[in-house]
Amino acid sequence: MPLQEHHQIVSVDDHLVEHPRVWQDRIPAQFRDEAPRIKEVNGMHLWHYDGQVFPTIGLNAVAGKPRDQWGLDPVRYEDMIPGCYDPAARVKDMDLDGEQAALCFPSFPGFGGGTFFRASDKKLAALCVQAWNDFYIDEWCGTAPGRFIPLAILPVWDIDLCVAEARRAIEKGARTISFPDSPVPLGLPSFHTDHWDRVFAVAEEAGMPLSMHFGSSGKAPSTADDAPFAVAISLFGCNSMYTTADLLFSPVFHKFPGLKVALSEGGIGWIPYMLERLDYTWERHKYYTGVNQEVRPSDLFRRHIWGCFIDDEFGIANRHWIGVDRITWECDYPHSDSNWPLARKRAAETLADVPDDEVHQIVELNARKLFRFDG
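Within any chain, residue numbers begin from 1 and follow the written order of that chain's sequence. In keeping with the model being predicted, local features are shown solely for residues with a pLDDT of at least 70 and side-chain atom pairs are shown and tallied solely at 80 or more, while totals for entire chains, interfaces and linings include all residues. Side-chain descriptors were evaluated using all non-hydrogen atoms of the structure, hydrogens and water having been removed beforehand.

What is the right way to read the sheet that holds strand 4 (residues 52-54) from this model?
Strands in a sheet are paired, the pairing made by backbone hydrogen bonds, and the direction either parallel or antiparallel. Strands were regarded as paired on the criterion that DSSP finds at least two bridges between them. Each helix corresponds to a stretch of at least 4 residues labelled H or I by DSSP, and each strand to a stretch of at least 2 residues labelled E; elements are numbered beginning at the N terminus. Strand order in the open sheet formed by 3 strands is 2-3-4, with antiparallel pairing between adjacent strands. Each of the sheet's edge strands pairs with one partner strand only, and the pair in question is strand 2 (37-41) and strand 4. For this sheet, the mean inter-axis angle between neighbouring strands, taken without regard to orientation, is 40°. Where strand 3 (residues 44-49) lies against strand 4, 3 bridges are found, and the strand directions are antiparallel. Working convention: axes come from line fits to C-alpha atoms, limited for helices to the stretch in contact. Angles between N-to-C directions cover 0 to 180 degrees.

Whenever I open this one, the pairing of strand 2 confuses me. Can you help?
Regular strands have side chains that alternate between both faces of the sheet. Relative to strand 3, strand 2 is paired through 5 bridges, and the arrangement is antiparallel. Across the sheet, Lys-39 pairs through a bridge with Leu-46, a residue of strand 3. The antiparallel hairpin formed by strand 2 and strand 3 contains 2 residues in its connecting segment, where Asn-42 sits at a positive phi of about 50°.

Teacher, can you tell me more about the pattern of salt bridges here?
In a structure, side chains of opposite charge can pair up when their charged atoms sit close to one another. By definition, a salt bridge exists where a carboxyl oxygen of Asp or Glu is found within 4 Å of a side-chain nitrogen of Lys or Arg. According to the stated counting rule, one finds 20 salt bridges in the structure shown. Close ionic contact of Arg-26 with Glu-139 constitutes a salt bridge, the shortest N to O distance being 2.6 Å. Pair noted here: Arg-26 is in the loop between helix 1 (21-24) and strand 2 and Glu-139 is in helix 4 (residues 122-143), with a separation of 113 residues, a long-range link. Exposed residues in this analysis have more than 50% of their type's maximum accessible area, buried residues have under 20%, and partly exposed residues fall in between, with area computed by a 1.4 Å probe over protein chains only. The exposure class of Arg-26 is partly exposed, given its relative accessible area of 27%. For Glu-78, the salt bridge identified is with Arg-76, shortest N-O distance 3.1 Å. Overall, the relative accessible area of 53% leaves Glu-78 in the exposed class.

Teacher, can you tell me more about the packing of aromatic side chains here?
Note on aromatic pairs: each is described by the distance of the centres and the angle between the planes. Classification of ring pairs uses Phe, Tyr and Trp, with its six-membered ring standing for Trp, and accepts pairs whose centres are within 6.5 Å; under 30 degrees between planes counts as stacked, over 60 as edge-to-face, and the remaining range as tilted. Per the stated rule, a full pass over the model turns up 20 aromatic pairs. Between Phe-229 and Phe-236 the ring centres are 6.4 Å apart and the planes differ by 70°, which places this aromatic pair in the edge-to-face class. A relative accessible area of 57% means that Phe-229 is categorised as exposed. Here, a charge over a ring is recorded when the distance from Lys NZ or Arg CZ to the ring centre is within 6 Å and its angle to the ring normal is within 35 degrees. The lysine or arginine in question, Lys-122, covers the ring of Phe-117, its NZ or CZ lying 6.0 Å from the ring centre. The cationic tip of Lys-122 hangs over the ring face of Trp-157; the distance from NZ or CZ to the ring centre is 5.7 Å.

What is the right way to look at helix 14 (residues 343-350) in this model?
Side chains that are three or four residues apart share a direction in an α-helix, a result of its 3.6 residues per turn. Within helix 14, 6 of the 8 residues are buried, which leaves it mostly tucked inside the rest of the structure. When we look at burial in helix 14, the residues that qualify are Ala-343, Arg-344, Arg-346, Ala-347, Ala-348 and Thr-350. Residue contacts are defined here by distance: any two heavy atoms, one from each residue, within 4.5 Å place the two residues in contact. Against the buried residues of helix 14 lie strand 11 (305-309), helix 12 (313-317) and strand 12 (327-329).

What's the story with the environment of Pro-221 in this structure? I'm lost.
Tracing the backbone shows Pro-221 in the loop between strand 9 (210-213) and helix 7 (229-234). Pro-221 sits in the buried class, given a relative accessible area of 14%. Spatially, the C-alpha atom of Pro-221 lies 17 Å from that of Gly-114, the residues being 107 residues apart in sequence. Look past the residues within four positions of Pro-221 in its chain and what remains in contact with it is Ala-232, Leu-235, Phe-236, Cys-238 and Asn-239.

Quick question: what am I supposed to make of the packing of helix 4 against helix 5 (residues 159-172) here?
The description of two packed helices rests on the angle between their axes and on the distance between the axes. For the pair helix 4 and helix 5, the least separation of the axes is 11 Å and the interaxial angle reads 15°. Between helix 4 and helix 5, the interaxial angle falls into the category roughly parallel. Between helix 4 and helix 5 lies a crossing whose hand is right-handed. On helix 5, the residues touching Ala-126, Val-129, Gln-130, Asn-133, Asp-134, Ile-137 and Asp-138 of helix 4 are Leu-161, Glu-165, Arg-168, Ala-169 and Lys-172. Across the contact of helix 4 with helix 5, the residue classes tally to 5 nonpolar, 2 polar and 5 charged. When an angle is under 35 degrees it counts as roughly parallel; over 145 it counts as roughly antiparallel; between 65 and 115 it counts as roughly perpendicular; any other value is oblique. What makes a crossing left-handed is the near helix being turned counterclockwise from the far one by less than a right angle; a clockwise turn instead makes it right-handed. In the scheme used here, Gly and all other residues not listed as nonpolar or charged are polar, with Ala, Val, Leu, Ile, Met, Phe, Trp, Tyr, Cys and Pro taken as nonpolar and Asp, Glu, Lys and Arg as charged.

What follows is the structure, given as structure tokens:
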């Protein structure tokens, strides 16, 4: 049975483009001159921060543009439709496509706050992290309660600050934390250490999932420097494959049996093969590789990890190998993989042969349960 009109749909991965007042209105006065700001240079709006100039204000924010213009990142706010940066306008765009609620990841800070991680002034960077969280939870989500899922980023370079900001964000109403899909490319300790235990413990105690967006480590799939960008785009899901294997063979879920991880923008079609391969590897190599010998990786996956898809017919056809309760949907507005303003129509086509109760789980109920978001 296809997606019905009475079904609400919830996107677990959309994006927003920040306005400079995000930081100018929230950073203490003595730091404001050094906070991220927009300056006009040769007719372009460019971010200036930490002695650097960032070449785009809204990477891939191409919603509403013809496909033959998708390679051109916006250089001025006027180049984007207002829904990219204005929460009230975003709600109108969501209504246009029949999308009830959305989880929005940051743009300028990076999906997991990597821009601030790389900054030289870490005191200012920590203030910038707090300011973004305050903006997103209080202003963006506050503009339309029940329509946006509150998310927070963390100052991952300092574990004490990390824990403190996680707790602060939870008190403010955050329902998930955007966490690097692999800390190692950032020069941070891996999932195989105890470095992150305090953060994981806070998340587990709060029942709050970690949202691991592909590329939040600062590293996207690549083959050759001269390969067309289409190669990297087609391989984006590989980041989530790496994350899945890394987590399932790490001590993380054994130490934190209530911890939940949402793989953001990684697709789902690869999951059946990956689980089969992980189990095969575990059966043959568990006795000498230092991994847990009691729990099969596929069983661990179905207790702790969720995937999401934009357009994944193979994944939907093989949903029972994944677990229907492990699958969520995403719109990816305003990026070029999004089907907006026909995302709901395309989801209905993809789910046309799926029973109504499973459709309801995939497009709404799984996300609401995972993020404890009643709307």
